[in-house]
Amino acid sequence: MALTIPQFHPILIGIGDTTLAAHPETPERCAALSQRLRVATGLNEVNLEAFLRAFYGAARQDPLLGAALARVADWEAHIARLSQFWSSVVLMTGTYHGQPMQAHAHHGLGTAHFARWLALFEEASAACRPPAGAAPLMERARRIAASLEVGLIPLPLPQRTRQESPA
């Protein structure tokens, strides 16, 4: 008889808890964790989508971000995808299956874009209803922006002088 090992995945075990623990990732455990997050934050798919519509509505009008966001051909489909992403990130629903790094790789984003995105996101999350949802949204937004920025913007390397060149 073959022994099967359950899949383990580090999951945040509490709101505001920064420790990670390995737990079997079963559908029942994921659903229970998602429900716990909904209760703790007051967030759900409906108010997440409303938040995203408000935030991206403002971001599309922004002088810096508007040009990058103008490339989106179908905003209804994009909002649906963003809603899946944020539901997965904040409520741990697992509804998003994509590659955000790859999706943003060809947009020519720079440090100023990420700083402005975060500033607008913070403004929108301050007005978030329910208020308890603002902190988890911002915490994850900061992590996402930092991750995308590091992954998409190459660090400048120091110029070598002729004497430093390898022989």
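What you see is a predicted model; the values in this text were computed from it and never measured.

Undergrad: Give a description of the nonpolar core that names residues and reports values.
TA: Judged by nonpolar contacts, the single largest core of 36 residues is most densely connected at Phe-55, Tyr-56, Trp-86, Trp-117, Phe-121 and Leu-137. Those elements that provide at least two residues to this core are helix H1 (27-41), helix H2 (45-61), helix H3 (65-69), helix H4 (75-91), helix H6 (111-126) and helix H7 (134-152). For this core, the element with the most residues is H7, which contributes eight residues. Contact partners of Leu-137, with chain neighbours within four places excluded, come to Leu-43, Leu-48, Phe-51, Trp-86, Val-90, Phe-121 and Cys-128.

Undergrad: How would you explain H2 if you had to name every residue and give the values?
TA: In a regular helix each residue adds 1.5 Å, so 17 residues correspond to 24 Å; H2 covers 24 Å between its end C-alpha atoms and thus fits that length. Looking at the buried side of H2, the elements it contacts are H3, H4, H6 and H7. Its side-chain oxygen placed 2.9 Å from the backbone nitrogen of Val-46, Asn-44 serves as the N-cap of H2.

Undergrad: Describe in detail the packing of aromatic side chains, supporting the description with residues and values.
TA: A full pass over the atoms with the stated rule returns 10 aromatic pairs. Taking the centre distance of 5.1 Å and the plane angle of 25° together, the rings of Trp-86 and Phe-121 count as stacked. Pair noted here: Trp-86 is in helix H4 and Phe-121 is in helix H6, with a separation of 35 residues, a long-range link. Among the residues examined, Trp-86 registers a relative accessible area of 2% and is labelled buried. What makes Phe-121 buried here is its relative accessible area of 0%. Taken together through their ring pairs, the aromatic side chains of Phe-51, Phe-55, Tyr-56, Trp-75, Phe-85, Trp-86, Tyr-96, Trp-117 and Phe-121 make up a single cluster.

Parameters and conventions
- Residues numbered from 1 in each chain as written.
- Predicted model: local features only at pLDDT ≥ 70, side-chain atom pairs only at ≥ 80, totals over all residues.
- Heavy atoms only, no water.
- Core = buried A, V, L, I, M, F, W, Y, C linked by side-chain atoms within 4.5 Å.
- Buried < 20%, exposed > 50% of the residue type's maximum accessible area, 1.4 Å probe, protein only.
- Helix = DSSP H or I, 4+ residues; strand = E, 2+ residues; numbered from the N terminus.
- Contact = heavy atoms within 4.5 Å.
- Expected span 1.5 Å × (residues − 1).
- Polar contact = N/O pair within 3.5 Å; in protein donor to acceptor, adjacent residues only side chain to side chain.
- Phe/Tyr/Trp six-rings, centres within 6.5 Å; stacked < 30°, edge-to-face > 60°.

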